[in-house]
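What follows is the residue order along each chain.
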Amino acid sequence: MTGKLYGVGVGPGDPELMTLKAVKVLKRVSVLCAPDSGRESRALDVVRRAVKREFRLLRPHFPMTKRREVLEKAWQRASEAIYRELRKGEDVAFVTIGDPTFYSTFTYVMERIKSAHPEVEIEVVPGVTSVTACAANLGIPLVSGGESLAVVPAAYGTDNLELLARNFDTVVLMKVSRSFDSILERLRQTGLDERAVFAAKCGTPAFTSGEPQSFRGRKVDYLSMILLRRLRG
Ligand SMILES: C[S@@+](CC[C@H](N)C(=O)[O-])C[C@H]1O[C@@H](n2cnc3c(N)ncnc32)[C@H](O)[C@@H]1O
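Keep in mind that this is a model prediction, so the values were computed, not measured.

Some remarks on the sheet that holds strand E5 (residues 122-125)
Strand pairing in a sheet relies on backbone hydrogen bonds. The paired strands run either parallel or antiparallel. With parallel pairing, five strands are arranged side by side in an open sheet as E3-E2-E4-E1-E5. Two strands in the sheet have a free side with no partner beyond their single neighbour: strand E3 (56-58) and E5. The sheet shows a mean angle of 20 degrees between the axes of neighbouring strands, direction not considered. In terms of strand pairing, strand E2 (residues 31-33) meets strand E4 (residues 92-96) through three bridges, oriented parallel. Each residue of the ladder has a partner; that of Cys33, found in E4, is Phe94. Against the sheet, helix H1 (residues 20-28) makes contact with strand E1 (5-9), E4 and E5, and its axis sits at roughly 135 degrees relative to E1, the strand it touches most.

The structure is reproduced here in structure tokens:
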């Protein structure tokens with residue numbers, strides 16, 4: 001019988017923020033899939049701290065590029081490698097930081113396996129996302145009452161930032177680390193500075209936050225975001 005594929009969200013980085021269900025699945029599966037993007041896998045690190053056992057590891061390479069044709073090939077290769085395990089009857093857990101449906105490579109792999117092998121059973125185990133962990137650490141509401149939220153993957157550009165900031169009560173800028181200084185420049189030019197808070201390693205003991213401009217010129221961690229809240233009063 002074909003094995004089952006799990007997409008497991010391991011939360012923002014602190015093993016204590018993993019769900020009981022995530023831990024239960026990770027104690028059972030025989031194969032663990034953690035993408036290799038040329039840096040240490042944060043998701044794998046969380047798993048190792050939470051679940052003390054050996055896994056057979058699959059580390060498909062996902063290059064840090066936006067070139068669609070390169071990514072398509074990587075997703076296809078990863079899906080095939082995972083399917084080879086599933087076909088042997090092995091259950092596979094694809095682990096992802098935060099939640100698997102929220103900017104995770106898991107969704108590309110899931111879609112490919114679904115269409116090529118519809119017989120494969122797939123279960124997504126949701127995780128605490130970095131966005132709610134960020135609001136929790138800052139001690140602020142992310143959104144409340146009739147408020148609305150926009151999420152911007154800033155690595156793909158921030159051209160519509162002013163428009164979003166006008167129309168949404170809270171705007172979260174994710175994937176900020178690689179173009180951090182140009183994002184800061186945009187916040188300054190658009191006068192959005194006073195609404196902005198920088199937060200890194202949310203949901204972990206190493207959480208830090210502050211005014212974004214005070215981090216100018218510094219190398220910020222990949223696990224960083226900027227939150228813009230509508231000012232009241
Ligand atoms: C590919 S997305 C993954 C999002 C993840 N699936 C989630 O549910 O939060 C990576 C981006 O998420 C944000 N991120 C993830 N974990 C974070 C953390 N612990 N603290 C701050 N930002 C984090 C950063 O903006 C990072 O560049």
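There's more to say after this.
So, H1
Considered for burial, the residues of H1 that qualify are Ala22, Val25 and Leu26. Here the buried residues of H1 occupy an arc of 95 degrees about the axis, which is enough to place them on one side. Structural note: H1 exposes Leu20, Lys24, Lys27 and Arg28 on the side pointing more than 90 degrees away from its buried face. As for H1, its buried residues are in contact with E1, helix H2 (42-50), E4 and E5.

Here we look at the domain arrangement of the protein
For the protein, the assigned domains read domain 1 (5-125) and domain 2 (130-229). Grouping the constituent residues of the side of domain 1 that touches domain 2 by class yields three nonpolar, three polar and two charged.

Some words on the site of the ligand
Neighbouring residues of the ligand: 26 residues in total, closest Pro12, Gly98, Thr129, Ser130 and Cys202. Sorting the residues of the shell around the ligand by element identifies helix H5 (130-138), strand E8 (196-200) and strand E10 (224-229) as the ones contributing at least two each. Of the residues forming the shell around the ligand, the biggest block, three residues, is contributed by H5. When grouped by side-chain class, the residues that make up the shell around the ligand number 14 nonpolar, nine polar and three charged.

Topic: helix H7 (residues 180-189)
Residues of H7 that are buried include every one of Phe180, Ile183, Leu184 and Leu187, and no others. Buried residues of H7, viewed axially, fall in a sector of 100 degrees; they line one side. Across H7 from its buried face, at more than 90 degrees, point the exposed residues Asp181 and Gln189. Structurally, H7 contributes buried residues whose contacts are with strand E7 (170-174), E8 and E10. Backbone geometry just downstream of H7 places Gly191 in the positive-phi region, at approximately 70 degrees.

Things to note about the nonpolar core
In terms of nonpolar packing, the biggest core is built from 62 residues, with Val8, Ala93, Phe94, Val95 and Leu173 touching the most fellow members. Shared between two domains, this core takes at least three residues from each, and those domains are domain 1 (5-125) and domain 2 (130-229). Among residues more than four places away in sequence, those in contact with Val95 are Val8, Val10, Leu32, Ala34, Ala43, Leu44 and Val47.

Thoughts on the pairing of E4
Within E4, five of the five residues are buried, which leaves the element mostly enclosed by the surrounding structure. Here E1 runs beside E4; their pairing, made up of five bridges, is parallel. Paired with Leu5 across the two strands is Val92, which belongs to E4.

Quick notes on the sheet that holds E8
Judged by pairing direction, the sheet is mixed, and its five strands sit side by side in the order E6-E7-E10-E8-E9 without closing on themselves. If you trace the sheet from one side to the other, it starts and ends with strand E6 (149-153) and strand E9 (208-210), each paired once. Shown here is a sheet whose adjacent strand axes are inclined to one another by a mean of 20 degrees, direction ignored. Alignment of E6 against E7, held across five bridges, turns out to be parallel. Its bridge partner lying in E7, Pro153 is registered against Met174.

Each value, and the rule that gives it
Residues numbered from 1 in each chain as written. Predicted model: local features only at pLDDT ≥ 70, side-chain atom pairs only at ≥ 80, totals over all residues. Pairing = 2+ DSSP bridges. Helix = DSSP H or I, 4+ residues; strand = E, 2+ residues; numbered from the N terminus. Axes fitted to C-alpha atoms, helices over the stretch in contact; angles between N-to-C directions. Contact = placed C-beta atoms within 7 Å. Buried ≥ 20, exposed ≤ 12 C-beta atoms within 10 Å, placed from the backbone. Arc of directions from axis to C-beta. Domains from an automatic or database assignment. Nonpolar A, V, L, I, M, F, W, Y, C, P; charged D, E, K, R; others polar. Near = placed C-beta within 6 Å. Core = buried A, V, L, I, M, F, W, Y, C linked by C-beta atoms within 7 Å.

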